[in-house]
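Residue strings, one per chain:
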Amino acid sequence: MLNKSSKLYSILKYKCPRCHEGDLYTHKGWSYTKFSRMYKSCPRCQQSFEPEPGFYYGAMYVSYALTTALTITILVAMSVLLDETTMTSFLGSLVLALLLFYPFIFRMSRAIWINFFVHYKKDAASSSAPEART
Ligand SMILES: [Zn+2]
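Since we're looking at a predicted model, the values are computed, not measured. (Residues numbered from 1 in each chain as written. Predicted model: local features only at pLDDT ≥ 70, side-chain atom pairs only at ≥ 80, totals over all residues. Heavy atoms only, no water.)

S.K.: I would appreciate a short explanation of the coordination of the zinc ion in the present structure.
M.R.: A metal bound by six donors in octahedral fashion has ideal angles of 90 or 180 degrees, whereas one bound by four tetrahedral donors has an ideal angle of 109.5 degrees. For the zinc ion, the full set of protein donor atoms is Cys16 (SG), Cys19 (SG), Cys42 (SG) and Cys45 (SG), at a range of 2.2 to 2.3 Å. Taken together, the four donor atoms surrounding the zinc ion define angles of 106 to 115° at the centre, an arrangement classified as tetrahedral. Along the chain, the residues donating to the zinc ion are arranged with the sequence spacing C-x2-C-x22-C-x2-C. (Donors = N, O, S within 2.8 Å, 3.2 Å for Na, K, Ca; no water. Tetrahedral: all angles 85-135°; square planar, octahedral: opposite > 155°, others 65-115°.)

Here it is in structure tokens:
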């Protein structure tokens with residue numbers, strides 16, 4: 001079980017990094033049309049989810065790391081499971097996996113990025129005054 005006060009909980013459950021109760025995204029599940037919709041601020045503690053304009057540009061670096069991890073995973077899996085791995089089959093599998101996991105990578109990148117800057121505060125949901133970003 002995940003400890004509710006850990007950053008991993010906030011990241012994996014897509015919860016507010018400050019109170020770990022409010023949702024980051026308006027839609028749950030695997031929707032290709034609505035996966036990117038976020039609340040402007042936490043529905044529980046009012047923490048802003050876009051502390052400054054262009055805040056999530058930095059999430060591209062996280063996305064790059066996640067995509068690299070996915071690429072290496074596919075390459076290792078194909079070389080272990082298949083007798084022969086061609087460049088065409090690898091690139092085809094990679095494109096397919098990136099299309100399939102795009103919403104997951106997008107959401108996870110933003111959740112990780114905001115967790116770098118906003119930290120957990122135990123009773124944030126009960127005291128609704130927003131706190132300045134640290
Ligand atoms: Zn919150």
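S.K.: Honestly, the layout of surface pockets in this entry has me stumped. Any pointers?
M.R.: Where empty space is left becomes clear once a probe the size of a water molecule has been rolled over the atoms. Estimates place the volume of the largest pocket at around 220 Å³. Residue lining of the largest pocket: Tyr56, Tyr57, Ala59, Met60, Ser63, Thr67, Leu98, Tyr102, Ile105, Phe106, Ser109 and Arg110, and that is the complete set. Contributions of two or more residues to the lining of the largest pocket are made by α2 (59–81) and α3 (87–117). A per-element tally of the lining of the largest pocket places α3 first, with six residues. Within the lining of the largest pocket, the residues separate by chemical class into eight nonpolar, three polar and one charged. (1 Å grid on protein atoms, 1.4 Å probe; cavity = no way out; pocket = protein on both sides within 12 Å on 5 of 7 lines; lining within 4 Å. Points joined across faces, edges and corners; volume = space filled by probe spheres on them. Helix = DSSP H or I, 4+ residues; strand = E, 2+ residues; numbered from the N terminus. Nonpolar A, V, L, I, M, F, W, Y, C, P; charged D, E, K, R; others polar.)

S.K.: Mind showing me how you'd approach α3 here?
M.R.: Counting along an α-helix, one turn takes 3.6 residues, and residues three or four places apart therefore face a common direction. Compared with an ideal rise of 1.5 Å per residue, which puts 31 residues at 45 Å, α3 spans 40 Å between its outermost C-alpha atoms and falls more than 12% short. At Phe101, α3 shows its maximal bend, which comes to roughly 60°, and the proline Pro103 appears one to four places after that position. (Expected span 1.5 Å × (residues − 1). Bend = angle between axes of the 7 residues up to and from the residue.)

S.K.: So what exactly am I meant to see when it comes to the packing of aromatic side chains here?
M.R.: Centre distance and the angle of the planes are the two values used to describe a pair of aromatic rings. Tallied over the full model, the rule gives 11 aromatic pairs. Ring centres of Tyr14 and Tyr25 lie 5.4 Å apart, and the angle between their planes is 85°; on these two criteria the pair is classed as edge-to-face. With a gap of 11 residues between them, Tyr14 in the loop between α1 (7–12) and α2 and Tyr25 in the loop between α1 and α2 connect regions that are remote in the sequence. Tyr25 matches Tyr14 in its accessibility class, with the two residues each being buried. An aromatic cluster is defined as three or more aromatic residues linked by ring pairs; in this entry it consists of Phe55, Tyr56, Trp113, Phe116 and Phe117. It is Arg110 that lies over the ring of Tyr56; its NZ or CZ is 4.4 Å from the centre. (Phe/Tyr/Trp six-rings, centres within 6.5 Å; stacked < 30°, edge-to-face > 60°. Buried < 20%, exposed > 50% of the residue type's maximum accessible area, 1.4 Å probe, protein only. Lys NZ or Arg CZ within 6 Å of the ring centre and 35° of its normal.)

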